[in-house]
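Commentary on secondary and tertiary structure
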Amino acid sequence: MTWIRRNLFRSVWDGILSIVFGAIAVYVLWTLFEFVFITGRWEIIEVNLLLLLVGRFPEDQLWLVGTSIVALAFWISAASSGSPKSLDSQPSLSARILDSVQRFGLLSALGVLLILLAGGITPLYWGLAIIGGILAGLGLGKTRRSIAARAKIPNLLWHAAIIAVPITFIALTLSLSTLDSWGGFLINFYIAIISIVLSFPLGVLLALGRRSTLPIVRVLATTYIELIRGAPLFVLLLLAGVALEFFVPTELAPGPIFRAVTVFTLFTAAYVAEIVRGGLQSVTQGQTEAGKALGLGTSKITFLITLPQALRNVIPAQIGQFISLFKDTTLAGAALSVLEVLNVGTAITKQDDFLGQGYIYESLAFVGLLFWVGSYVMSRESQRLEKRLGVGQR
Amino acid sequence: MNNTVFTDATKMSGGRSSKDAIVTLENVDKHFKEFQALKKVNFQVGKQEVVVVIGPSGSGKSTLIRCINRLEEHDGGRIVVDGTELTMDIRNIQAIRRETGMVFQSFNLFPHLSVLTNVAMGPRQVRGMSKVKAEELAMELLERVQIPEQASKYPSQLSGGQQQRVAIARALAMKPKVMLFDEPTSALDPEMINEVLDVIKELAHDGMTMIVVTHEMNFAREVADRVVFMADGEIVEVGTPKELFDHPKEERTKKFLSQIL
């Protein structure tokens with residue numbers, strides 16, 4: 001009661017605001033509830049679930065996708081629990097449970113929802129397999145931490161070994177199926193991950209290039225960044241659909257997914273470059289001077305001193321850019337006819353059973369949910385990373 | 001070593017022949033755009049000599065020692081450190097930086113690295129020492145500046161005085177022939193100044209060649225072999241602490257001393 005009075009009704013004006021916004025909130029929540037549980041016709045999602053998630057991926061090879069996801073879950077949990085940099089204070093059990101719920105609750109809820117929508121027993125097995133992968137990863141991470149003192153496995157070797165697991169399965173999946181048969185949310189995810197992995201180093205190089213003392217390098221980097229940032233992403237994607245033919249013989253012309261990855265990589269790199277440049281500028285001159293005074297060369301000063309600090313300072317902006325890239329992958333559907341999830345989502349409303357009955361709401365809501373959960377997980381993990389690396393501490 | 005002998009010789013001659021000199025400045029000029037920060041500075045520092053540079057702010061003290069390891073580029077005259085002349089040649093610059101350690105007013109420790117890694121950075125990355133050897137050396141030096149227990153912490157977890165002692169250890173790790181101190185206590189809270197000055201004094205006793213820019217006059221009196229008074233980019237007066245503080249010859253020196261003492 002006291003809390004309500006102090007926070008919501010401190011003055012007449014506060015009271016009015018609280019009531020008005022409270023009413024709006026209740027109305028919105030009720031509409032949402034009504035849509036989700038009463039008026040929503042979710043059979044369109046149930047029928048087309050596989051199409052939305054993986055597109056026309058050959059069904060007899062679906063186990064490859066499943067195994068890759070299990071392998072990814074294994075790797076992520078092994079990598080994060082095996083970190084030798086344990087926190088100073090061990091948080092209480094309840095705090096740890098709360099933390100886990102915040103981190104994985106939404107993702108797990110989505111998993112359960114997908115299993116329910118899919119129906120049948122096979123999806124349930126895959127769900128259990130993913131949990132198994134996570135537990136195996138956590139177990140391995142823990143053992144490593146406890147034996148780390150005795151058996152000294154170099155950090156690099158350890159990370160190389162565990163990242164080899166998901167990479168093997170993803171490579172296997174890629175080699176056994178043709179990439180152009182991929183579709184649905186799987187292809188959004190794939191395009192986003194590959195573009196993130198490629199655009200990050202490219203962006204860092206561009207940022208360093210823009211600060212280079214060599215005029216040619218500086219001009220080239222600056223021109224590239226300003227050109228790319230000056231063009232709408234959608235235009236670049238459309239261009240990639242036609243322009244590559246000018247440079248590559250038609251028979252060698254790559255598929256739409258390759259084009260999409262290329263554009264997203266080049267586009268995001270320009271933005272990453274500006275973010276990293278901002279980070280480099282935030283590192284004080286004294287750091288460079290201290291490096292020089294020790295006798296370090298220019299490249300060692302950059303890679304050992306200024307760049308690590310710069311990258312740490314820009315984690316939030318960096319992750320924001322990657323979230324934006326993740327969501328922008330939906331543009332590849334409209335521009336390059338990639339069979340990604342939004343493209344599928346609009347196409348299924350034109351099936352005979354659903355045509356002309358306004359199923360677009362349900363379809364878009366489901367697509368939106370997938371992206372929202374993905375973005376939420378990314379932003380949450382970025383906050384954890386910030387804390388672990390001590391952003392804001394000098 | 002023969003610290004006293006050297007000191008006495010310095011005091012008597014008020015300078016020394018270039019044979020014994022480890023740092024030599026001849027007619028050094030430095031401009032920042034229109035402003036002339038150093039005007040024809042001539043100056044020598046002998047092996048194991050402790051020189052303290054004093055003067056009002058803006059007099060060119062910091063610029064002087066920052067020119068010695070090329071954090072600033074002089075635009076006239078010659079600077080020779082341990083037989084190597086400071087030219088545009090990056091190899092010469094690197095050679096001189098390896099032989100000179102520098103301690104900054106604002107510490108400039110690397111905030112993303114542990115204290116131990118900070119100190120081991122020079123020997124490991126510049127001298128090519130192995131990680132184990134470099135960290136052993138770093139630990140020895142942290143003991144010498146009396147904070148071995150802070151080795152695994154990060155700079156932001158240390159007090160200003162502790163940070164500055166780590167910075168001294170980091171510079172010493174390169175086994176420099178000359179140490180340059182640029183107002184090492186100016187950014188410190190008063191109660192931490194002495195712990196840093198004590199470390200510097202000990203270094204002086206061990207025979208380290210040092211050039212110290214400072215406002216700590218008692219420290220200058222106690223440790224310096226020679227005191228240099230600078231004003232307006234020029235060296236106005238050089239002498240033993242006794243000569244300079246008790247019997248200043250120049251008008252500008254007298255005025256400065258009367259303002260601060």
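Quantities reported herein were computed from a predicted structural model and do not represent experimental measurements.

Conventions used here
Residues numbered from 1 in each chain as written. Chains lettered and ligands numbered in written order. Predicted model: local features only at pLDDT ≥ 70, side-chain atom pairs only at ≥ 80, totals over all residues. Heavy atoms only, no water. Buried < 20%, exposed > 50% of the residue type's maximum accessible area, 1.4 Å probe, protein only. Helix = DSSP H or I, 4+ residues; strand = E, 2+ residues; numbered from the N terminus. Pairing = 2+ DSSP bridges. Contact = heavy atoms within 4.5 Å. Buried area = accessible area lost by both parts, 1.4 Å probe. Salt bridge = Lys/Arg side-chain N within 4 Å of Asp/Glu carboxyl O. Phe/Tyr/Trp six-rings, centres within 6.5 Å; stacked < 30°, edge-to-face > 60°. Lys NZ or Arg CZ within 6 Å of the ring centre and 35° of its normal. Patch = residues over 30% accessible without salt bridge, like charges linked within 9 Å, V, L, I, M, F, W, Y side chains within 5 Å. Areas by Shrake-Rupley, 256 points an atom, 1.4 Å probe, with all protein chains shown as cover. pLDDT = per-residue confidence, 0-100. Axes fitted to C-alpha atoms, helices over the stretch in contact; angles between N-to-C directions. Left-handed = near helix turned anticlockwise from the far one by under 90°. Nonpolar A, V, L, I, M, F, W, Y, C, P; charged D, E, K, R; others polar.

Across a regular strand the side chains alternate sides, sitting on one face of the sheet and then on the other. All names here are of chain B. Across the six residues of strand 9 (residues 226-231), six count as buried, placing the element largely inside the fold. Burial along strand 9 is two-sided: the face carrying Arg226, Val228 and Met230 and the face carrying Val227, Phe229 and Ala231 are both buried. Two elements, strand 3 (residues 50-54) and strand 9, share four bridges in a ladder whose sense is parallel. What sits directly across from Val51, in strand 9, is Arg226. Sheet analysis places strand 9 next to strand 10 (residues 234-239), joined by five bridges and oriented antiparallel. Bridge pairing in strand 10 places Val228 opposite Val238. The antiparallel hairpin formed by strand 9 and strand 10 contains two residues in its connecting segment, where Asp232 sits at a positive phi of about 50°.

The next subject is the interface of chain A and chain B. Listed per partner, the contact involves 20 residues of chain A and 21 residues of chain B. Between chain A and chain B lies a buried interface of about 1900 Å² when both sides are counted; carbon and sulfur atoms form 58% of it. Taken together, chain A and chain B are joined by one salt bridge. A salt bridge links Arg66(B) to Glu289(A); its shortest N-O distance comes to 2.7 Å.

Aromatic ring pairs are defined here through the distance separating the ring centres and the angle between the ring planes. Enumeration according to the criterion identifies twelve aromatic pairs over all chains in this entry. Look at Phe326(A) and Phe371(A): their rings are 5.1 Å apart centre to centre, the planes differ by 55°, and that puts the pair in the tilted class. Residue Phe326(A) is located in helix 14 (residues 315-328), and its partner Phe371(A) is located in helix 17 (residues 360-389); the two are separated by 45 residues in the primary sequence. Take Phe326(A): its relative accessible area is 4%, and that puts it in the buried class. Taking the centre distance of 5.1 Å and the plane angle of 35° together, the rings of Phe229(B) and Phe256(B) count as tilted. Placement of Phe229(B) in strand 9 and of Phe256(B) in helix 10 (residues 251-260) is noted, with a sequence separation of 27 residues between them. For Phe229(B), a relative accessible area of 1% puts it in the buried group. The ring of Tyr359(A) has Arg41(A) sitting right over it, with the charged end atom 4.2 Å from the ring centre.

On to the side chain of Ser212(A). Mapping Ser212(A) onto the fold places it in the loop between helix 8 (184-210) and helix 9 (215-230). For Ser212(A), the residues in contact, after removing those within four places along its chain, are Val217(A) and Arg218(A).

Turning our eyes to something else, we now look at the environment of Leu124(A). Here Leu124(A) shows up in helix 6 (residues 122-147). For the pair Leu124(A) and Val112(A), spaced twelve residues apart in sequence, the C-alpha separation works out to 8.8 Å.

Here helix 4 (residues 115-125) of chain B lies mainly inside the structure; eight of its eleven residues are buried. Every buried residue of helix 4 of chain B is accounted for by Val115(B), Leu116(B), Asn118(B), Val119(B), Ala120(B), Met121(B), Gly122(B) and Pro123(B).

Residues and elements named next belong to chain A. On the surface, Val12, Trp13, Ile16, Leu17, Val20, Phe21, Ile24, Tyr27 and Val28 cluster together into a nonpolar patch covering about 950 Å² of accessible area. Looking at where Ile16 falls in the secondary structure, it is placed in helix 2 (residues 12-39). For Ile16, a relative accessible area of 43% puts it in the partly exposed group.

Residue and element names in this part refer to chain B. Summarising the model, chain B shows a mean pLDDT of 90, and 93% of its residues fall at 70 or more. Contacts for the low-pLDDT stretch residues 1-18, under 50 throughout, to residues beyond four places or in other chains number 23 contacts. For this predicted complex, the interface score ipTM comes out at 0.89, while the overall pTM is 0.84.

Another aspect to go through is the packing of helix 8 of chain A against helix 14 of chain A. All names here are of chain A. Following both chains from N to C, one finds helix 8 and helix 14 inclined at 145°, their axes separated by 9 Å at the closest point. Remark: the crossing between helix 8 and helix 14 carries right-handed chirality. Facing helix 8, whose interface residues are Phe185, Ala192, Ser195, Ile196, Ser199 and Phe200, helix 14 presents Gln318, Phe322, Leu325 and Phe326. Its residues placed into classes, the contact of helix 8 with helix 14 shows seven nonpolar, three polar and no charged.

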